[in-house]
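So the chains spell out like this:
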Amino acid sequence: MLTLLLRSWSALGCLLVLSLPPISRQEERGKLLLVSFDGFRWDYIHRVPTPHFDAIMREGVQVDRVVNSYITKTLPNHYTLVTGLHAESHGIVANEMFDPHLNRSFSMDGQSAYESRWWEEAVPLWVTNQRAGRRSGAAMWPGSDVEIRGAYPTHYLPYNASVPFQSRVAQLLSWFAGPDPIDFGVLYWEEPDESGHNLGPESPLLDVVIADIDDKLGFLRDQLKWAGLYDDVNLIVTSDHGMTQLSSVKIIELDSYVGRDKYTWVDKSPVVGIIPKEGCFDEVYNSLLNANPNLYVYKREDIPDHYHYRHNDRIMPILLEAREGWTIVQNKTKKMMLGNHGYNNTLPSMHPVFVARGPAFRSNYVKDTMHSVDLYPLMCHILGVPPMPNNGSLANVQDLLKEGPPVGPARVPAPPPAPTHTPAPTPRPLAPSKPREPSYAWVVGLLLGTALVVIFLFVFVKQVTLKQVPTLPLGNREISQPLLYEELRL
Ligand SMILES: [Zn+2]
């Protein structure tokens, strides 16, 4: 029944898109669609053929290294993408939080995620876009179904993980091509994050998931073309973070170092907030400080500057961060995940993919590095919307734009070198190139080849049969068949 329902959604979605009228180019001015595939690590595009990512890179730009925001988790980074602010400034500092002023807890999976006050330390781009007299549409982007600063996106889908990708795309494109079209759209998809956690990024099974994401991107490209939007809408495809492999022996058990009655635990590995009980701060801190070489322990005021993760009361008085690949637990009781993220944002394994194309972007251009906070001013520029104060800089990413400063000759996109730290994700060599895009030449070739083989076999068998029964009269040829079979069996 569920499958049937999902198919109905897809079918409805496709119908919606196919029935859209093409829109006039004259109406176009800085349209933008921002897509996030949760947990799509930067190097996934180098381990299996990804023809649709490749096409966008050829037609547009690619950034090899996107330094995202600390902590490298889903909500903080999705909010960074649409605000240009580090987590300490936009206030969504983790997927699970405690606010001492509100005396309330927040969980991304709970009802608290719909409370405006958690999100209102910043203004997301869809609100700013609307304040500038334009229109926005959001398909499941984290926070987009919450009222923030008195506004929702002009159109949005309430979060529902069971809504298929195709339906989300169809809905978004109907908003882009409708009678009062949106200028800015955001689209979120849960994979490959979920599979990355369950399988681990080093699992060959994840290759199938990555190939499926590329197919989904192909669907999005096709639908944009069907709706007459492909040449007019700037398309940015990125993610919130990467993923690293875990190990069942790389476990840090806090119970070995400090009693649970001494502190409250906030959020989940690999970055955990600790609120020491009254009068226990020094005891908790000193017990953990040198407890395990794979555990970094910071007082809030000592958190490294480059994390930009200190100036917010939702950051707990003590912060624990695991070394890459390690897991922090109180004790080993729960089933382990095989992949995780959240670690130091300078680790290559934590970095997301980034490709973009459209009328605003250069073509066939590869940039070495950008910071995810720089995306917000870039998007504001494309949309023609005045940016809110932010931590990014348009100057850092202006070379991605067609109108940007002159750049050297375009570099052919190539797999970047393997990261040097351990245990780094190892980019796998490209599998033999075999485009999965439909190819009529290939199908015709296959049919012709099959036909030739069949004809050859027919002629061959016929000749052998005739040789084996030279004395039989033609009219009795069928009598020879059992004899022939007997001989062949020998
Ligand atoms: Zn995740």
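Think of each chain on its own: its residues are numbered from 1, step by step along the sequence as written. Totals for whole chains, interfaces and linings use every residue, but because this is a predicted model, local features are given only for residues with pLDDT of at least 70 and side-chain atom pairs only at 80 or more, for both listing and counting.

Taking an unreviewed UniProt entry as the reference, the protein is identified by name as AP3A hydrolase belonging to Alosa alosa.

**A word on helix H11 (residues 375-383)**
This is how it is decided: For every residue, the other C-beta atoms within 10 Å of its own C-beta are counted; 20 or more classify it as buried, 12 or fewer as exposed, and values in between as partly exposed. C-beta atoms are placed from the backbone. Helix and strand definitions follow DSSP, with helices as H or I runs of at least four residues and strands as E runs of at least two, each counted in order from the N terminus. By definition, residue pairs are in contact when their C-beta atoms, positioned from the backbone, come within 7 Å.
The buried fraction of H11 amounts to eight of the nine residues, a majority that puts the element mostly inside the structure. Within the span of H11, buried status applies to Leu375, Tyr376, Pro377, Leu378, Met379, Cys380, Ile382 and Leu383. Residues of H11 that are buried sit in contact with strand S1 (31-37), helix H3 (74-83), helix H6 (125-131), strand S7 (184-189) and strand S8 (233-238). One or two residues past the end of H11 sits glycine 384, with phi positive at roughly 75°.

**Observations concerning the sheet that holds strand S13 (residues 295-299)**
Where we set the bar: Strand pairing requires that DSSP identify at least two bridges connecting the strands. In this analysis, axes come from line fits to C-alpha atoms, helices being fitted only over the stretch in contact, and the angle between any two N-to-C directions falls in the range 0 to 180 degrees.
Spatially, S11-S12-S14-S13 is the arrangement adopted by the four strands of the open sheet, whose pairing is antiparallel. The strands lining the two open edges of the sheet, one partner per strand, are strand S11 (263-266) and S13. Geometrically, the sheet is characterised by an average inter-axis angle of 25° between neighbouring strands, direction not taken into account. Where S13 meets strand S14 (residues 318-322), five bridges bridge the pair, whose relative direction is antiparallel. In the strand pairing of S14, lysine 299 is matched with isoleucine 318. Here helix H10 (residues 281-289) sits on the sheet in contact with S11, strand S12 (271-276), S13 and S14, set at roughly 150° to S13.

**A look at the sheet that holds strand S18 (residues 365-371)**
Across the sheet, which stays open at both edges, the eight strands sit in the order S6-S5-S7-S1-S8-S17-S2-S18 with mixed pairing between neighbours. Every other strand in the sheet has two partners, leaving strand S6 (155-157) and S18 as the edge strands with one partner each. Taken over all neighbouring pairs, the strand axes of this sheet differ in orientation by 15° on average, direction set aside.

**Remarks on the nonpolar core**
Across soluble globular proteins, nonpolar side chains have a tendency to be buried as a group. Where we set the bar: Buried Ala, Val, Leu, Ile, Met, Phe, Trp, Tyr and Cys residues form a nonpolar core when they are connected through C-beta atoms within 7 Å. Domain delimitation in this document rests on an assignment produced automatically or drawn from a domain database.
Counting 115 residues, the largest nonpolar core has Ala139, Leu173, Val186, Leu320, Val355 and Met379 as its most contacted members. No other element matches the eight residues that helix H7 (residues 165-177) contributes to this core. Of the domains in this structure, domain 1 (25-243 + 345-441) and domain 2 (251-340) are the two that each give at least three residues to this core.

**Some points on the pairing of S12**
As paired strands, S11 and S12 are joined by four bridges and run antiparallel to one another. Directly across from tryptophan 265, in S12, lies its bridge partner isoleucine 274. Adjacent in sequence and paired antiparallel, S11 and S12 are bridged by four residues, among which aspartate 267 carries a positive phi angle near 70°. When S12 meets S14, the two strands line up antiparallel, connected through four bridges. When the sheet's bridge partners are listed, valine 272 is paired in S14 with leucine 320.

**Focus: the environment of valine 61**
Position of valine 61 among the secondary structure elements: in strand S2 (residues 61-67). If sequence neighbours within four positions are ignored, valine 61 has contacts with Val355, Ala356, Phe361, Arg362, Tyr365, Lys367 and Leu400.

**So, unusual backbone geometry**
In the segment running from tyrosine 70 into isoleucine 71, the intervening peptide bond is cis, with an omega of 0°. Relative to the elements of secondary structure, isoleucine 71 occurs in the loop between S2 and H3. A cis amide bond links serine 269 to the next residue, proline 270, at an omega of 10°. Residue placement: proline 270 occurs in the loop between S11 and S12.

**What about the environment of aspartate 267?**
In this structure, aspartate 267 sits in the loop between S11 and S12. Here the alpha-carbon distance between aspartate 267 and methionine 97, two residues 170 residues apart in the chain, equals 6.4 Å. Setting aside residues up to four positions removed in sequence, aspartate 267 forms contacts with Ala94, Asn95, Glu96, Val272 and Gly273.

**Comments concerning the packing of helix H2 (residues 51-59) against helix H9 (residues 206-226)**
In plain terms, the rule: When describing relative orientation, an angle under 35 degrees is termed roughly parallel and one over 145 degrees roughly antiparallel, while 65 to 115 degrees is termed roughly perpendicular and anything else oblique. Think of it as three bins: nonpolar holds Ala, Val, Leu, Ile, Met, Phe, Trp, Tyr, Cys and Pro, charged holds Asp, Glu, Lys and Arg, and polar takes everything else, Gly as well.
In the contact formed by H2 and H9, the axes pass within 7 Å of each other and the chain directions differ by 55°. Relative to H9, the element H2 is oriented oblique. Listed contacts from H9 to Pro51, His52 and Phe53 of H2 are Asp214, Leu217, Gly218 and Arg221. Grouping the constituent residues of the contact of H2 with H9 by class yields three nonpolar, two polar and two charged.

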